[in-house]
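Residues per chain, in single letters:
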Amino acid sequence: MHYATACFISFFLYISVCEVQSQFDYDYYEENIAKNCTTSESITGGTVEYSNGGAAAEDCKNPGTPPGALRSGQRFRIRDRVRYQCQSGLDMLGPSERQCLDSREWSGTEPRCYAQYSYDQPAAVAQALGGSLTAVMDVSLPDFKKQEQGLGRTIKVAEGRLNVFILLDTSASITPESFLLAKNATVQLVQKLDSYEVNMKFDIVSYASKPREIVSITNDPSDDVDYVLRKLKEFSGESHGNERGTNLHDALDRVYNQLALLRENKRSHFNETQNVIIIATDGHSNMGPSPQTVLPKIRHLLGYKPGNIDHTQEERLDVYVFAVGAQVNKKELISIASSKRDEHHVFVLKDYRELGLVFNQMISDSAVTKCGVAQEELDKSEKTYTARPWHVDISWVGNGQVKALELILHPQFNLKGLKDKNIKEFYDYDVALIRMSAIKISVNARPICLPCTGSSNRALRLAPDSTCDQHKKLLLHLDEIPAQFISQGTHRSDTRIHTGAKRAACIDKARSTIPEHSTASVSEVVTDRFLCTGGSEKNRVEMTCKGDSGGSLFLRKRMRYFQVAVVSWGTEQICGLQTAVKKQTPDARDFHISVFPLMPWLKQYLDKELVFLP
C-alpha cells in the first residue's frame, strides 16, 4: 500500500502546457525565400523602402516590403495605396494592394511571396488559424474575474451564435484516398470547433460539377455535433458519379441561398450570428461562372459593402481558403478569402494529410482564457501524448517567479481519524489548497475546468440554471469512465473510474490493506468522497506511483479537460518516483478525493476567483 505524502488540489494552479510557436511568416521566409531570392533593397538600390519616408507628415507607418516582393507607393497618408509584386517565379498570397485607412492602419495583411512548390507548415497554419478563429469565437469572459485579457475582436452579442459552412472539393482530381483524408480532417475540425463556447450550427457540402449536401443548416439538426459527425462519416465521394468538374461558384451560391433562408426565417437572430466559410480545394474552378461573383452577394446580404478591399470591419463574416497541392489557382482563391488586418485567411498545404494535421492542432494558445484547453501532442509512435497538462511541482524554497504563500488544509482531514480502530493512517479529505502569488494566464499557464463552476457550465454547453448534480451525472455517467493522470511527473497515463454498479467491487479491493486486527470496515476506510480507479484482466490500465499523490485525475468531455478528483493513495506500491513502472495486477486499485463533495469548502476560499453554480 502506498500513501500520499502531501496532496494539493491542482485546479487552483496554472501550469505550462506548451511552448510559444514562432511567428507565422518569419521562419517560412527565412527558410524558403531568403536563401533563394534577392531582397527588394538589393534590386532597387534601397529606393523602394524609406526608413523615414517623411514620417512626420504620414498618417500610417511604413508598411514595409515582405521578402521576395517589390513595392510601389512612397506616400503613407490616409487613402494612399501601396502595391506589391512578387519577384519572378514567385506567387503572391494575400492582397497585392493595401490602403492607409482612416484608422491610420493599413488594410488587409501583409502579402506573402511563395515559390511554386513551397508550402505552409501545418503547425504554423494551425497557430494562425486557431488564433483567428479564437478572435471570432471567444465570446465568453474568463471565469477568473480578476483576469482581463485582450484577445482582439470577438463576437459582440451575449449568447454567441455561429454558422460554419464547410465546402469540400470532390472533383476528378481528388483521389479516393485524398477525399477520405479531407473528410477525416473535417471530422477533426468539427470536433475542435465544438470545444468553443458558442452556439454553433454546421452546413457541409461536397462539390464537384454540382454541390452535394452532407449537412444542411436549414433542414437538419445541424447544431447536434454527433449528428454532423455521423453524416460526415456516412457520406461517400462517389455520390457525384461522373459529374466531377470543379464548380466552386455553385457551392458558394448554395451558401448564399442558405444564408438568405436563414435571414428570411429567423430574422431576429440573423444579425446576431457570425458566419465562417471554410473552403478546401486542390485546383481551378473549371465550371460555372466565376466564384468571385458570389462573395459580393453574400456581403450585401450581411449588410457590408461588396467593394471593400479590407474586410476587418466585417465582424460577422470570415472566409478561409485551404489551397491543397501545387496546381491551385492562388490568385482566384485570394480574391475569395477575407482580407483582415493581422490575420491570415489563405493557406497553402502540400496535401490533405497536412490539412488533417492543421485541424487536429487548431486549438490555439490564444484560447488560454477558456478552461480545459490542451495542446495535444502525440509522440512519434502516435500512441501516447507528450503533453503533461495540469501538473505542477511545488517548491517551498521560493526561488521561482511564482511563490507559494499559504497552505490551506481541509479542516476535516485527520490522519489519525481511525486510530481507535487500528487504522494507522486515514486519508479521507486528503486535500489542500495552495495560495500562490499572482499567476498571469498566458500561453504557458491555463486553468483546467473545475465542475460546478460557470466556466465548466459553458464548456459543457449546459443551461445557465444547471446544477452541480447535473455536472456530476454528465461527467461520471458510465460505470467505467476513461480518465487520466500524470505518472512520475513525466507522462500521461490512462485509467478507468469505477462508479455506479461497479463501485462496490472496486473499493472491495481495499480490504487487503486493512490490518487483520482492525475493526474498521472497507466503507469506513474508503468513504463516499473517494473515486476508485483500476483495470481488469481484459482492460489493463496504469496505476499511480508513490509520489503521484496530489496530482489531478482528469477526463475529457467535448474536447475540454475537467478535473474530477485528486490522487490520494493506492493498494499496491507498483513503482516509485524514478523506478520503472511495473506491470499492473488485476486487483490493484487507486483512490482519489472527488472534487464534488468539496464544493462548499472550495467556494469558501475561491468565490472571488471562480463563479460557482448555486
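This is a predicted model, so every value here is computed, not measured.

### Observations regarding the packing of aromatic side chains
Each aromatic ring pair is characterised by the separation of its centres together with the angle its planes make. Enumeration according to the criterion identifies 9 aromatic pairs in this entry. Judged by centre distance (6.2 Å) and plane angle (55°), the ring pair of Phe179 and Phe235 falls under tilted. Remark: Phe235 occurs in the loop between helix 5 (225–234) and helix 6 (248–265) and Phe179 occurs in helix 4 (residues 176–193); sequence separation between them is 56 residues. Its relative accessible area of 8% is what places Phe179 among the buried residues. Against the face of Tyr256 rests Lys297, its NZ or CZ located 4.4 Å from the ring centre.

### Some details on the sheet that holds strand 11 (residues 346–349)
Taking strand neighbours across the sheet as the criterion, the 6 strands line up as 8-7-6-9-10-11 in an open arrangement whose pairing is mixed. Edge positions in the open sheet fall to strand 8 (211–215) and strand 11, since each of these has one partner strand only. The average undirected angle you get between the axes of adjacent strands in this sheet is 20°. Both strand 6 (residues 161–169) and strand 9 (residues 273–281) contribute to a ladder of 8 bridges, which runs parallel. Residue Ile166 lies in a different strand from strand 9, and its bridge partner there is Ile278. Helix 5 contacts strand 7 (199–207) and strand 8 of the sheet and is inclined by roughly 140° relative to strand 8.

### Points about the pairing of strand 11
Covered by surrounding structure in strand 11 are Val346 and Val348 together with Phe347 and Leu349, the residues of both alternating faces. Of the strand pairs in this sheet, strand 10 (residues 317–324) and strand 11 are connected by 4 bridges, and their pairing is parallel. By the bridge assignment for strand 11, Phe322 is matched with Phe347. Handedness of the strand 10-helix 9 (residues 330–336)-strand 11 crossover: right-handed.

### Examining the sheet that holds strand 2 (residues 81–86)
On the basis of which strands lie adjacent, the open sheet formed by 3 strands has the order 1-2-4 and antiparallel pairing. The sheet is open, and its two borders are formed by strand 1 (69–72) and strand 4 (97–99), each paired with just one other strand. Sheet twist, expressed as the mean angle between neighbouring strand axes with direction ignored, is 25°. Pairing geometry for strand 1 and strand 2, over 4 bridges, is antiparallel. Each bridged residue has a counterpart across the sheet, and for Leu70 the counterpart in strand 2 is Gln85.

### Here's the deal with the environment of Ser335
Among the structural elements, Ser335 can be located in helix 9. Residues Ser335 and Leu93, 242 residues apart in the sequence, show an inter-C-alpha distance of 10.0 Å. A polar contact of 3.0 Å, which involves the side chain of Ser335, links it to the side chain of Gln292.

### Notes on the nonpolar core
Ile497, Val564 and Leu602 are the most contacted members of the largest nonpolar core, which totals 48 residues. Put simply, the parts of the chain that give this core at least two residues each are strand 14 (480–487), helix 13 (503–507), helix 14 (522–525), strand 16 (530–533), strand 17 (552–557), strand 18 (560–570), strand 19 (590–594) and helix 15 (599–606). The element that contributes the greatest number of residues to this core is strand 18, accounting for 5 residues. Excluding residues that lie within four positions of it along the chain, Val564 makes contacts with Leu475, Leu476, Ile497, Leu531, Leu553, Leu555, Ile593, Ser594 and Val595.

### Some remarks on the side chain of His498
Its location among the elements puts His498 in strand 15 (residues 491–498). According to the relative accessible area criterion, His498 is buried, its value standing at 7%. There is a polar contact of 2.8 Å between the side chain of His498 and the backbone oxygen of Gly534. Look past the residues within four positions of His498 in its chain and what remains in contact with it is Asp479, Glu480, Arg503, Cys506, Cys532, Thr533, Gly534 and Gly535.

### So, the state of the cysteines
Under the defined criterion, the tally for this structure stands at 6 disulfides. Between the sulfur atoms of Cys506 and its disulfide mate Cys532 the distance is 1.9 Å. On the sign convention where negative is left-handed, the bridge of Cys506 and Cys532, at about -80° about the S-S bond, is left-handed. Here Cys506, found in helix 13, pairs with Cys532, found in strand 16; they are 26 residues apart in sequence, far enough to count as distant. Residue classification places Cys506 among the buried residues on the basis of a relative accessible area of 1%. When its relative accessible area of 0% is taken as the criterion, Cys532 is described as buried. For the chain, the disulfide bridges join cysteines in the arrangement 1-3, 2-4, 5-6, 7-8, 9-10, 11-12, where the cysteines are counted in sequence order.

Conventions used here
Residues numbered from 1 in each chain as written. Predicted model: local features only at pLDDT ≥ 70, side-chain atom pairs only at ≥ 80, totals over all residues. Heavy atoms only, no water. Phe/Tyr/Trp six-rings, centres within 6.5 Å; stacked < 30°, edge-to-face > 60°. Helix = DSSP H or I, 4+ residues; strand = E, 2+ residues; numbered from the N terminus. Buried < 20%, exposed > 50% of the residue type's maximum accessible area, 1.4 Å probe, protein only. Lys NZ or Arg CZ within 6 Å of the ring centre and 35° of its normal. Pairing = 2+ DSSP bridges. Axes fitted to C-alpha atoms, helices over the stretch in contact; angles between N-to-C directions. Contact = heavy atoms within 4.5 Å. Right-handed = clockwise from strand over helix to strand, strands pointing away. Polar contact = N/O pair within 3.5 Å; in protein donor to acceptor, adjacent residues only side chain to side chain. Core = buried A, V, L, I, M, F, W, Y, C linked by side-chain atoms within 4.5 Å. Disulfide = S-S within 2.5 Å.

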